[in-house]
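Chain and residue survey
Chain by chain, the residues run as shown.
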Amino acid sequence: MQVAWLLLRLTNCHATRVWVKIKTLQPALELNMARWWPILSVLLLCSAAAQSQSDKLEGVDVEEVCADRPADEYFRLDTESDCREVYRCDSAGEDGSNRLAPIRCAGGLAFDVIRQLCDWKTNVKNCDVDQKPRKAKPILKTDEPICPDGKLSCGDGECLDKELFCNGKSDCKDESDENACSVDEDPNRAPECDPTQCALPDCFCSADGTRIPGGIEPQQVPQMITITFNGAVNVDNIDLYDDIFNGQRQNPNGCSIKGTFFVSHKYTNYSAVQDLHRRGHEISVFSLTHKDDPNYWSGGSYDDWLAEMAGSRLIVERFANITDGSIIGMRAPYLRVGGNKQFEMMADQFFVYDASITASLGRVPIWPYTLYFRMPHKCNGNAHNCPSRSHPVWEMVMNELDRRDDPTFDESLPGCHMVDSCSNVASGDQFARLLRHNFNRHYNSNRAPLGLHFHASWLKSKKEYRDELIKFIEEMLGRNDVFFVTNLQVIQWMQNPTELNSLRDFQEWKEKCDVKGQPYCSLPNACPLTTRELPGETLRLFTCMECPNNYPWILDPTGDGFSV
């Protein structure tokens, strides 16, 4: 039998070598060639595309293009060609040399070099820009000092006081003093954890974030689970919350299980929020406007964060009649942390904790920590705008969940912070496995609190999700060492670490243990309101309190009207 082999190297269509075996034995040659011709056509087209790509790169000095360029930055070679096509520098060439790896957005999309992503063509306004703007950096590390003590060098060599660097205001002529301000670069960054200077109840840190507070043995640590929800509380989800937190499911200390609700303002029914608070759940804030521009949050000023979070708290306190000062936590929309400005505002406004920073999936989960000292993990996501300075604020870190369907077999996948961002979970069975595997990861290591963070709409999208969550809760409550608690209750335990055999009398968890009484009102006011900040909209504000004059919004959070 005569056999022919065809080798095609596909550099653009597929990064591999493909061997195609063709039998040439007559008389079946014509039949076999007819069978293989469609495959060969595709392969030959891909080969032609690869040649076209090679032609485009002819004459390009790759080493010059890639000099001082981050490996994860995408750029255009010119602005005349298709806006869909960009490149990045890849050091996987022969002998470790650089090569240009192309990427092409799908049809109808274009690449935004500023945001470094593919988006609808109509949304991309920088097709005439070939690369992300380069910012001048200060000169912070030199063999010999180039500035007097207490001063640092700008990128152009100008010496300024160290305190002026990363203070949110450009002082260098080249503005370089504000361009190296990450957790690891900020010259005025918080120091690394020093256990001799950081003591409970006010401060907690550890080198890698995995240390158990109080030095308690893991077997004597309660496995705390926090169930949190983000967004408006209203008729779309009240039944879900009533189902999960029905008052009949009790922790081992005899108290009903509790959750934490990060409430956004628009469309929220404040009489329902008031009743959640009455029943012992924790109410926190998720912003006033929930603007859908993530950069608004990452780059927000002190005043932006003040108006959004302190304003949201003012609205909740007033219209849900929460007067006990218990709204002390917040979460940033889209988990877009606002850097030092956010945390400066939090300290000034007596917010106790933030719950927006995520920690990458690791072998051992991380305990919450205070920000007096440097974060014990990398700034993961969040537009890399984590706080670099020292702040008297707790961080209820969101440990990523391991979303592998079979962790003993499947290859590793990136973790997910919100349960509904675990995109591979598509059935109740998969959700059940996710819950139990991640419980075991925490329970069998350092028993750091397990956070289950939801948007209610995901749990309501399939009845089996709700059923599996309730089944998991009831299964866990069959043990004597698992507690469903609020974020504040986690902090209260960490401030006073108490072994399992003494938890029945742990006073901080006994508050609102037995909920008595009736809802404040059975028929709330449904106030139809407008505000000149949202022209053309009439919004209903449900509250047991008196209706305000206007719909509360960012410039008028009380709804009393604008001050002249």
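As a starting point, this report considers the structure included with it.

1. Here we look at helix α4 (residues 270-278)
- Across the nine residues that make up α4, a large majority, eight, are buried.
- Considered for burial, the residues of α4 that qualify are Tyr270, Ser271, Ala272, Val273, Gln274, Asp275, Leu276 and His277.
- Tucked into the core, α4 has its buried residues touching α3 (238-244), β10 (260-263), β11 (282-285), α6 (302-319) and β21 (539-543).

2. Side note on the side chain of Asp481
- Within the secondary structure layout, Asp481 lies in the loop between α10 (463-477) and β19 (482-484).
- Of the polar contacts made by the side chain of Asp481, one reaches the side chain of Tyr443; its length is 2.5 Å.
- In contact with Asp481, not counting residues within four places along its chain, are Pro222, Gln223, Pro252, Tyr443, Arg447 and Leu500.

3. Quick word on the state of the cysteines
- As enumerated under the stated definition, the model contains 13 disulfides in all.
- One disulfide bridge connects Cys147 with Cys159, the sulfur atoms lying 2.0 Å from each other. Taking the sign of the S-S torsion, -85 degrees for the link of Cys147 and Cys159, the bridge is left-handed. Separated by 12 residues along the polypeptide, Cys147 in the loop between β6 (117-120) and β7 (151-153) and Cys159 in strand β8 (residues 159-161) bring together distant segments of the chain.
- Across the disulfide, Cys379 is cross-linked to Cys386 (sulfur-sulfur distance 2.1 Å). Taking the sign of the S-S torsion, about 85 degrees here, the bridge from Cys379 to Cys386 comes out right-handed.
- For Cys379, a relative accessible area of 17% gives the class buried.

4. Considering the environment of Leu435
- Mapped onto the elements, Leu435 comes out in helix α8 (residues 428-443).
- Residues Leu435 and Leu401, spaced 34 residues apart in sequence, show a C-alpha to C-alpha distance of 8.9 Å.
- Once residues within four sequence positions are removed from consideration, Leu435 is found in contact with Leu452, Glu468, Leu469 and Phe472.

5. Examining the environment of Val364
- Looking at the secondary structure, you find Val364 in the loop between β14 (358-359) and β15 (369-370).
- On the basis of relative accessibility, which here comes to 25%, the residue Val364 falls in the partly exposed class.
- For the pair Val364 and Ala448, spaced 84 residues apart in sequence, the C-alpha separation works out to 8.6 Å.

6. Here we look at the nonpolar core
- Of all hydrophobic cores here, the largest spans 78 residues; its most connected members are Phe229, Phe431, Phe454, Leu459 and Phe484.
- Among the elements that make up this core, the one with the highest residue count is α10 (seven residues).
- Beyond its immediate chain neighbours, meaning those up to four positions away, Phe229 contacts Leu240, Tyr241, Ile244, Phe245, Thr260, Phe261, Phe262, Phe454, Ala456 and Leu459.
- By size, the runner-up hydrophobic cluster in this structure holds 24 residues, among which are Trp367, Ala448, Met494 and Leu500.

7. Side note on the pattern of salt bridges
- Within this structure, the stated rule accounts for 30 salt bridges.
- Asp161 is the salt-bridge partner of Lys151, the closest N and O atoms lying 2.8 Å from each other. With a gap of 10 residues between them, Lys151 in strand β7 and Asp161 in strand β8 connect regions that are remote in the sequence.
- Using a relative accessible area of 35% as the deciding quantity, one classes Asp161 as partly exposed.
- Note that Asp467 is salt-bridged to Lys463, the shortest N-O span being 2.9 Å. Here the residue Asp467 and the residue Lys463 both occupy positions in helix α10, the gap between them amounting to four residues, near one helical turn.
- The class for Lys463 is exposed, based on a relative accessible area of 60%.
- Through salt bridges with shared partners, a single network forms among Asp82, Arg84, Glu85 and Arg104.

8. Thoughts on empty space enclosed by the protein
- Enumeration according to the criterion identifies four cavities of 30 Å³ or more in this entry.
- When its volume is computed, the largest cavity comes out at roughly 120 Å³.
- If you go around the largest cavity, you meet 14 residues; those closest to its centre are Thr226, Met396, Val397, Gly451 and His453.
- The set of elements that each furnish at least two residues to the lining of the largest cavity consists of β17 (398-399) and β18 (450-454).
- With three residues, the top contributor of residues to the lining of the largest cavity is β18.
- Classifying every residue of the lining of the largest cavity by side-chain character gives eight nonpolar, five polar and one charged.

Reading guide: rules and limits
Residues numbered from 1 in each chain as written. Predicted model: local features only at pLDDT ≥ 70, side-chain atom pairs only at ≥ 80, totals over all residues. Heavy atoms only, no water. Buried < 20%, exposed > 50% of the residue type's maximum accessible area, 1.4 Å probe, protein only. Helix = DSSP H or I, 4+ residues; strand = E, 2+ residues; numbered from the N terminus. Contact = heavy atoms within 4.5 Å. Polar contact = N/O pair within 3.5 Å; in protein donor to acceptor, adjacent residues only side chain to side chain. Disulfide = S-S within 2.5 Å. Core = buried A, V, L, I, M, F, W, Y, C linked by side-chain atoms within 4.5 Å. Salt bridge = Lys/Arg side-chain N within 4 Å of Asp/Glu carboxyl O. 1 Å grid on protein atoms, 1.4 Å probe; cavity = no way out; pocket = protein on both sides within 12 Å on 5 of 7 lines; lining within 4 Å. Points joined across faces, edges and corners; volume = space filled by probe spheres on them. Nonpolar A, V, L, I, M, F, W, Y, C, P; charged D, E, K, R; others polar.

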